[in-house]
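# Structure at a glance
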Amino acid sequence: MAVQTVATSSESTVDLGPAAALSCRECGHRVPLGPVFACEECFGPLEIAYDFSAHDTEELRRRIEAGPANIWRYAPLLPVPADVADKPNLNPGWTKLVKADNLARELGVTGGLYVKDDSGNPTHSFKDRVVAQALEAARAFGFTTLSCSSTGNLAGAVGAAAARAGFRSCVFIPHDLEQGKVVMAAVYGGELVGIEGNYDDVNRFCSELIGDPAGEGWGFVNVNLRPYYAEGSKTLAYEIAEQLGWRLPDQLVVPIASGSQLTKIDKGLQELIKLGLVEDKPYKIFGAQAEGCSPVSTAFKAGHDVVRPQKPNTIAKSLAIGNPADGPYVLDIARRTGGAVEDVTDQEIVDAIKLLARTEGIFAETAGGVTVGVTRKLLKEGLLDPAKTTVVLNTGDGLKTLDAVAGTGLTATIRPTLDSFREAGLA
């Protein structure tokens, strides 16, 4: 596997805050901070290792609470320089945690149901969090072009972040994405390239480009910058805990694409426990997939440790990764926490989108329909405890996936008269 380096970077002097090194998730081998993503010893994935030894719990809590209303309030726990909030960035995060009482009544949940609604981010998906992290790493390592392989939301997030920070952007997507996502990714003025194939084909191409001279100086946020990029998902865990009054939820339902978001949410919760910011107590994490792309759910139900790739065929294109890189780690977390991984059909996704909109006024994209649909299914199967505090993630805005609910429209067409109004049964 090719690993790109940047001649202008200096790993010994790079300032990424509390980030101390890169550590292999498989064998524990450590290397200096740099734009690498695979272990040179075993080819396992690298992730950030931190030095949090200087933190005093109460001082850290006060510092966080006094911080900006975005992810940089957690800068002391992220691989970013201390002055990150002063740099041009989209400053995502601190999105609403909606107490979903209407949805709870509909589903029979009595212990408190919340929707973490990340559609409120700058480009209306959680991807703004991870791109903000990758952007700071790109600055540190001297990259000049920001790039990615994307199922849609990430392309828009990269385009917007690059425009704000003065980077060139060139992003790669499957050629048949939803038109709303194509337009949103293209509007920021960067280069948007469609690849004939699915997301896994796009990702393979990007990996080849990283190892080619044509990719020199390019920071691929979800490839050679992946260890830094992935840490952005931890901020979801931090925010949920803080918004619940510095306590852990009992249950979380998280969508699965690559699986990275779910694994980093678990990492974030574990860090909060170790730092003493929350009480240590059990929690369960549940993964949610679409039936038409459910390799992790299939492996979980079969009791397997290996996730076999699938060819995606679902309306939930933002989750349509047939060979999820973090799939095996998702299985580990679901089993360790006592959770599960479940999937729903495309029709159940559409029904769940409408249910969330009707009960809470939140218009979710198809990934949100997956999490709400899986939540309903888990409750029916007795796997999710209705008496426990539950948080469901909505990771994007329904305006990006209008085709999924295209049959929704006018209740009636009437003449501009009261008689016509009454005849339509609307009085």
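Model, not experiment: these values are computed from the prediction.

## Focus: the sheet that holds strand β12 (residues 341-344)
Taken together, the 6 strands give an open sheet; going across it, the order is β4-β5-β13-β10-β11-β12, and neighbouring strands pair in mixed fashion. Two strands lie at the open edges of the sheet, namely β4 (97-99) and β12, each paired on one side alone. Averaged over all pairs of adjacent strands, the angle between strand axes in this sheet comes to 25°, irrespective of strand direction. Here 5 bridges tie strand β5 (residues 113-117) to strand β13 (residues 390-394), and the two strands are oriented parallel to one another. Following the sheet pairing, D117 is matched in β13 by N394. Across the sheet, helix α11 (residues 327-337) touches β11 (284-290) and β12, and the angle it forms with β11 is around 135°. Along the sheet, helix α13 (residues 366-381) contacts β10 (251-255), β11, β12 and β13; its crossing angle with β12, the most-contacted strand, is approximately 115°.

## Some details on the sheet that holds strand β8 (residues 191-195)
The strand order across the open sheet built from 4 strands is β8-β7-β6-β9, with neighbouring strands paired in parallel fashion. The open sheet has two free edges, formed respectively by β8 and β9 (218-220), since each of these has just one partner strand. Mean inter-strand twist for the sheet, computed between neighbouring axes without regard to direction, equals 20°. Bridging between strand β6 (residues 145-149) and strand β7 (residues 168-174) involves 5 bridges; their strand directions are parallel. Bridged to T145 within β7 is R168. On top of the sheet, helix α6 (residues 199-210) reaches β6, β7, β8 and β9; it is set at about 140° to β7, its chief contact.

## Focus: helix α10 (residues 295-302)
Considered for burial, the residues of α10 that qualify are P295, V296, S297, A299 and F300. Elements in contact with the buried residues of α10: β11, α11 and β12. Directly beyond the C-terminal end of α10, a positive phi value near 75° is found at G303.

## So, the layout of surface pockets
Space inside the largest pocket adds up to approximately 1,100 Å³. For the largest pocket, the lining is made up of 50 residues, of which N203, R226, S258, P324 and A325 are closest to its centre. Elements supplying a minimum of two residues to the lining of the largest pocket: β3 (46-50), α3 (127-140), α4 (153-165), α6, α7 (226-229), α9 (260-274) and α11. Of all the elements, α6 adds the most residues to the lining of the largest pocket, at 5 residues. Partitioning the lining of the largest pocket into residue classes produces 25 nonpolar, 16 polar and 9 charged. The space that makes up the second largest pocket amounts to roughly 360 Å³. Lining the second largest pocket are 16 residues, and of these E47, T263, D266, K267 and Q270 sit closest to its centre. Those elements giving two or more residues to the lining of the second largest pocket turn out to be β3, α9 and α11.

## Quick notes on the packing of α3 against α4
Close contact between α3 and α4 brings their axes to 9 Å; oriented N to C, the two are set at 45°. Taken together, α3 and α4 sit at an angle that is classed as oblique. Of the two possible hands of crossing, α3 and α4 adopt the one that is right-handed. Residue-level inspection shows K127, D128, V131, L135 and R139 of α3 in contact with α4, the latter providing N153, L154, A157, V158, A161 and A165.

## Examining the packing of helix α8 (residues 234-243) against α9
Remark: α8 packs on α9, axes separated minimally by 7 Å, with the N-to-C direction vectors making an angle of 50°. Here α8 is positioned oblique relative to α9, judged by the angle of their axes. Classified by chirality, the crossing of α9 by α8 is right-handed. Of the residues in α9, those in contact with K234, L236, A237, Y238 and A241 of α8 are Q261, K264, I265, K267, G268, L269, E271 and L272.

Analysis parameters
- Residues numbered from 1 in each chain as written.
- Predicted model: local features only at pLDDT ≥ 70, side-chain atom pairs only at ≥ 80, totals over all residues.
- Heavy atoms only, no water.
- Pairing = 2+ DSSP bridges.
- Helix = DSSP H or I, 4+ residues; strand = E, 2+ residues; numbered from the N terminus.
- Axes fitted to C-alpha atoms, helices over the stretch in contact; angles between N-to-C directions.
- Contact = heavy atoms within 4.5 Å.
- Buried < 20%, exposed > 50% of the residue type's maximum accessible area, 1.4 Å probe, protein only.
- 1 Å grid on protein atoms, 1.4 Å probe; cavity = no way out; pocket = protein on both sides within 12 Å on 5 of 7 lines; lining within 4 Å.
- Points joined across faces, edges and corners; volume = space filled by probe spheres on them.
- Nonpolar A, V, L, I, M, F, W, Y, C, P; charged D, E, K, R; others polar.
- Parallel < 35°, antiparallel > 145°, perpendicular 65-115°, else oblique.
- Left-handed = near helix turned anticlockwise from the far one by under 90°.

The values are spatial; any link to function lies outside them.
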